[in-house]
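Understanding the architecture of this molecule
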Amino acid sequence: MQLTEDLAVSITFIDEKIEDIIMRTDNLRQAVKWRLCRYAIENMLSFLEEYTGSHLQKEESHMRIYDYPQYFFHKEKHEQFAARMLALKEEWLKIRTSGSKGSYELSVRTVQTVIDWLNDHVMQDDIKLADFLRKKRPSAG
Ligand SMILES: [Fe+2]
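Residues numbered from 1 in each chain as written. Predicted model: local features only at pLDDT ≥ 70, side-chain atom pairs only at ≥ 80, totals over all residues.

Focus: the packing of helix 2 (residues 37–65) against helix 4 (residues 104–136)
As a reminder of what qualifies: Between N-to-C directions, angles cover 0 to 180 degrees, with each direction set by a line fitted to C-alpha atoms, over the stretch in contact for helices. Helix and strand definitions follow DSSP, with helices as H or I runs of at least four residues and strands as E runs of at least two, each counted in order from the N terminus. Throughout this description, any angle smaller than 35 degrees is read as roughly parallel, any larger than 145 degrees as roughly antiparallel, any in the 65 to 115 degree range as roughly perpendicular, and the remainder as oblique. If you view the pair so one helix is near and one far, a crossing is left-handed when the near helix is turned anticlockwise from the far one by less than a right angle, and right-handed when it is turned clockwise. Two residues form a contact once the distance between their C-beta atoms, set from the backbone, is within 7 Å. In this classification, the charged set is Asp, Glu, Lys and Arg, the nonpolar set is Ala, Val, Leu, Ile, Met, Phe, Trp, Tyr, Cys and Pro, and all remaining amino acids, among them Gly, are polar.
Interaxial distance between helix 2 and helix 4 falls to 12 Å at its minimum, and their mutual angle equals 25 degrees. On the basis of their axis angle, the class for helix 2 and helix 4 is roughly parallel. As for how helix 2 packs across helix 4, the hand of that crossing is left-handed. Packed against helix 2, whose contacting residues are C37, I41, M44, L45, E59, H62 and M63, the element helix 4 presents Y104, L106, S107, T110, L129 and L133 at the interface. Classifying every residue of the contact of helix 2 with helix 4 by side-chain character gives 9 nonpolar, 3 polar and 1 charged.

Have a look at this one:
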């Protein structure tokens, strides 16, 4: 019973995170367009740090609990994305250390990296995972 309740929360959590990352990516894309990205990049990188450190681990724990068949494939994609995000964050920290608030070029690359992530993983693998978890629910039709 407890697992079922947790599962319902996890599906909602995945769906909400998909909406959240799409909205934030669009906000940063708009900031790049209007050349205001130096003010938005810090927020986005902080969000992505929390996302890779917490959200992806939640997905992985639910994949393990419910014996998701594509666990290792899915987890490997998470690790690759986390490594890319860490590299972007390190670049940003160097830029900050040099006295600048941000970088147009780094913001553009961050937007492109997240759009690729949305297309290659979130809109495919995460949606498959959410569908799998929905089917695991006893009440799912
Ligand atoms: Fe995922």
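After that view, the rundown keeps rolling.
Observations concerning the nonpolar core
Formally: We define the nonpolar core as any set of buried residues of the types Ala, Val, Leu, Ile, Met, Phe, Trp, Tyr and Cys, connected via C-beta atoms lying within 7 Å of each other. Put plainly, a residue is buried at 20 or more neighbouring C-beta atoms within 10 Å of its own, exposed at 12 or fewer, and partly exposed in between, counting only other residues' C-beta atoms, which are placed from the backbone.
The biggest cluster of nonpolar side chains holds 18 residues, and the ones touching the most others in it are L28, C37, A40, I41, M44, L45 and L48. Secondary structure elements with two or more residues in this core: helix 1 (2–33), helix 2, helix 3 (71–97) and helix 4. No other element matches helix 2, which puts 8 residues into this core. The contact partners of L28, leaving out residues within four places of it in the chain, are C37, A40, M44, S107, T110 and V111.

Topic: the confidence of the model for the protein chain
Condition: A residue's pLDDT is simply how confident the predictor is in it, with values from 0 to 100.
Residue-level pLDDT values for the protein chain average 84, and 87% of them are 70 or greater. When the elements of the protein chain are averaged for pLDDT, helix 1 gives the smallest value, 74, and helix 3 the largest, 94.

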